Amino acid sequence: MPVLTTDAESETGIPKSLSNEPPSETMEEIEHTCPQPRLAVHCVLFEAPLSEWPKNPESFLSSKGARKTLTAPAPFADETSCQCQAPHEKLTIAQARLGTPVDRPVRVYADGIFDLFHSGHARALMQAKTLFPNSYLLVGVCSDDLTHKFKGFTVMNEAERYEALRHCRYVDEVIRDAPWTLTPEFLEKHKIDFVAHDDIPYSSAGSDDVYKHIKEAGMFVPTQRTEGISTSDIITRIVRDYDVYARRNLQRGYTAKELNVSFINEKRYRFQNQVDKMKEKVKNVEERSKEFVNRVEEKSHDLIQKWEEKSREFIGNFLELFGPDGAWKQMFQERSSRMLQALSPKQSPVSSPTRSRSPSRSPSPTFSWLPNKTSPPSSPKAASASISSMSEGDEDEK
C-alpha cells in the first residue's frame, strides 16, 4: 500500500507546493482550473441550444428544476490530469470541513487493490467522497505486477479492476498503475490534499504502518471498515465450497481443463450431479404424491361430510314418514276409516220400495223382502231395514 517518503526538498515529506511556505512568485490572478466532480447536468424544464444558455448554467438549471446525475464512467487520470497552474495551498482537515477553499474542490486520494469489488469497497469510497462538502475523489489502483509482488495473486486482472472502479458512482478519477508507496512527486503531480484509508495500521514493504508519514503530516483522514465483507472472505467461501462451484460450472458447460479438474474428479462430480438430479426427481415425485394424497383426503372429507348430511336427511324423512306420529300412520288411519265407512255406512235408506198392485186382480200377498234384481241392498243393515219395513207394511194392511 502507498506510503509517503521524504526527500531532500521537504523534511516532512510534503511537496513544497503544499507546504506553508509562500510561493516565490505571486499568482493571485491565476484562477483554479481543477477538474470538478463528475456530475452531468440534465435539464428538465429548460430546453434551448447551448449558445442560448446563460454564463452560469448550473445555477440557472437548478433554479429551473434541473437535476444532476451520472451519465458516464469515471475518466482515467492520464485522460484528464489536473493542469491547474494556481497554487494549491496546504489545507487542514478543519478548513476542508468548513468548505474552504471555495474556488476549487478538495482533492482526496484513496488507493487499494480492489479485487472482487464488493460493498465494503464501495462504502469506503463513499466515506472518502463525503468527508468534505466539496470533494474530488481520486482512486489509485495498483497493477498486477505490484500486487503479485507485495500481496499475492488476484482473482481479477488489472484491467477488470480498473473498470470496476470506473463504474462506482463515488469515484471522480481513476489512477492506473498506482505506486505502492506514496512519494512527494506523486502527491504534487495529482495535487492531492488528503489521503483516505481505514485507521488500522497497514504493515507492508518493510514498514509497520505505511501511512505513518501521512498521519504525521496531517494529511490522513480515517474511514471505517465494513465488517463481515472482504475480498479474503469471498475467496474463503469459494475455497470452502469449491466442489459445489466446480460441479455447477461443469453442469453449465465448462470443461475440466478450464476448471483445472482432474479426470477422476470430473467423473466424480458428474456422477454427483446425476445423483443430485435423481434426488431432485424423487423429491418432486414425493411432493406431488403428498399433494395428491392431500387432495384425496380433502375430497374424502368432503364426501364423508356430504354422506353424513344426506344420511341425517334420509333418517329424518324416514322418521317423519314412518314414526309414531308420522304421515304414513295418518294416511293409513284415513284409508282404514274410509274402508270401514264403505263397508258399514252410518246412514240407511229412509223409505222402502213401493209395491205395485193390479186393480183388476185380487189382492195377493207380495213378498217385497225378496231382493231386488235391479238394486241389491248395499249392506246387510240395509237389507234388515227393508225387511222390517215390509213387515210393518203387512201389519198396516191387516
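Residues numbered from 1 in each chain as written. Predicted model: local features only at pLDDT ≥ 70, side-chain atom pairs only at ≥ 80, totals over all residues. Heavy atoms only, no water.

(A) Quick look at the overall build of the protein. Counting its secondary structure elements, the protein contains 12 helices and seven strands. Taking all 398 residues of the protein together, 29% fall into the buried category. Of all intrachain contacts in the protein linking residues separated by at least 6 positions in sequence, the fraction that spans at least 24 positions is 73%. Within the structure as shown, the protein displays about 27900 Å² of accessible surface, and the carbon and sulfur contribution to it stands at 54%. (Helix = DSSP H or I, 4+ residues; strand = E, 2+ residues; numbered from the N terminus. Buried < 20%, exposed > 50% of the residue type's maximum accessible area, 1.4 Å probe, protein only. Contact = heavy atoms within 4.5 Å. Areas by Shrake-Rupley, 256 points an atom, 1.4 Å probe, with all protein chains shown as cover.)

(B) How the structure looks around the packing of aromatic side chains. Within the structure shown, the criterion is met by six aromatic pairs. Considering the side-chain rings of Y109 and F186, the 5.4 Å spacing of their centres and the 75° angle between planes classify their relative orientation as edge-to-face. Highlighted residues: Y109 in strand β3 (residues 106-112) and F186 in helix α6 (residues 184-189), separated in sequence by 77 residues. Ring plane angle 20° and centroid distance 5.1 Å describe the contact between F150 and W180, whose orientation is recorded as stacked. Taken as a pair, F150 in helix α4 (residues 144-150) and W180 in the loop between β5 (173-176) and α6 lie far apart in primary sequence, 30 residues in all. A cation sits over an aromatic face here: K215 above F220, 5.1 Å from the ring centre. (Phe/Tyr/Trp six-rings, centres within 6.5 Å; stacked < 30°, edge-to-face > 60°. Lys NZ or Arg CZ within 6 Å of the ring centre and 35° of its normal.)

(C) Spatial organisation of the pattern of salt bridges. Going through the model one piece at a time under the given rule, you end up with nine salt bridges. Between R295 and E291 there is a salt bridge whose closest N-O contact spans 2.9 Å. Here R295 pairs with E291, and both are found in helix α10 (residues 263-322), just four residues apart, close to one helical turn. (Salt bridge = Lys/Arg side-chain N within 4 Å of Asp/Glu carboxyl O.)

(D) Spatial organisation of the side chain of D115. Residue placement: D115 occurs in the loop between β3 and α3 (119-129). At 2.8 Å, the side chain of D115 forms a polar contact with the backbone nitrogen of V155. When near neighbours in sequence (up to four residues on either side) are disregarded, D115 contacts H121, T154, V155, M156, R161 and T231. (Polar contact = N/O pair within 3.5 Å; in protein donor to acceptor, adjacent residues only side chain to side chain.)

(E) Broad picture of the nonpolar core. In terms of nonpolar packing, the biggest core is built from 23 residues, with V108, L125, F132, V139, L165 and V171 touching the most fellow members. Of all elements in the fold, only β3, α3, β4 (135-141), α5 (158-166) and β6 (194-198) reach the threshold of two or more residues within this core. Ignoring sequence-local partners within four residues, the contact set of L165 consists of F114, F117, L125, V139, V141, V171 and V174. (Core = buried A, V, L, I, M, F, W, Y, C linked by side-chain atoms within 4.5 Å.)

(F) Seen up close, the sheet that holds β3. The five strands lie next to each other as β5-β4-β3-β6-β7, forming an open sheet whose pairing is parallel. Strands at the two margins of the open sheet, each flanked by one partner only, are β5 and β7 (220-223). This sheet shows a mean twist of 30° between the axes of neighbouring strands, independent of strand direction. Relative to β5, β4 runs parallel, the two being bridged by four bridges. Across the sheet, the residue bridging to V141 is R176, located in β5. In the packing of α3 onto the sheet, contacts are made with β3, β4, β6 and β7, and the angle to β4 comes to roughly 140°. Relative to β4, α5 is tilted by about 165°, and along the sheet it contacts β4 and β5. (Pairing = 2+ DSSP bridges. Axes fitted to C-alpha atoms, helices over the stretch in contact; angles between N-to-C directions.)

(G) A look at the pairing of β3. Of all the seven residues making up β3, seven are buried; the element is thus mostly covered by neighbouring parts of the structure. One crossover worth recording links β3 to the parallel β4 by way of α3, and it is right-handed. The sheet contact formed by β3 and β6 spans two bridges and is parallel. Across the sheet, Y109 pairs through a bridge with V195, a residue of β6. (Right-handed = clockwise from strand over helix to strand, strands pointing away.)

(H) Just unusual backbone geometry, in detail. Phi at F114 is positive, roughly 60°, even though this residue is not glycine. One can find F114 in the loop between β3 and α3. For F114, a relative accessible area of 8% gives the class buried. Here the phi dihedral of K191 falls at roughly 50°; this positive angle occurs in a residue that is not glycine. Structurally, K191 is set in the loop between α6 and β6.

(I) The arrangement of the pairing of β4 in detail. Counting buried residues in β4 gives seven out of seven residues, a clear majority hidden from the surface. On β4, burial covers both faces: S135, L137, V139 and V141 on one face and Y136, L138 and G140 on the other are all buried. Summarising the sheet, β3 and β4 pair through seven bridges and their orientation is parallel. Opposite R107, over in β4, you have Y136 as the bridge partner.

(J) Expanded view of α5. Along α5, the residues classified as buried are R161, Y162, L165 and R166. All buried residues of α5 lie within an arc of 140° about the axis, which places them on one face of the element. Close packing links the buried residues of α5 with α3, β4, α4 and β5. For α5, the N-terminal capping position is held by N157, with its side-chain oxygen 3.3 Å away from the main-chain nitrogen of A159. (Arc of directions from axis to C-beta.)

(K) Inspection of the confidence of the model for the protein at higher detail. Confidence in the prediction of the protein, expressed as mean pLDDT, is 75, and 68% of residues score 70 or more. Highest mean pLDDT in the protein belongs to α5 (96); lowest belongs to strand β1 (residues 40-42) (43). Between residues 394-398, whose pLDDT stays under 50, and residues either more than four places distant or in other chains, the model counts three contacts. (pLDDT = per-residue confidence, 0-100.)

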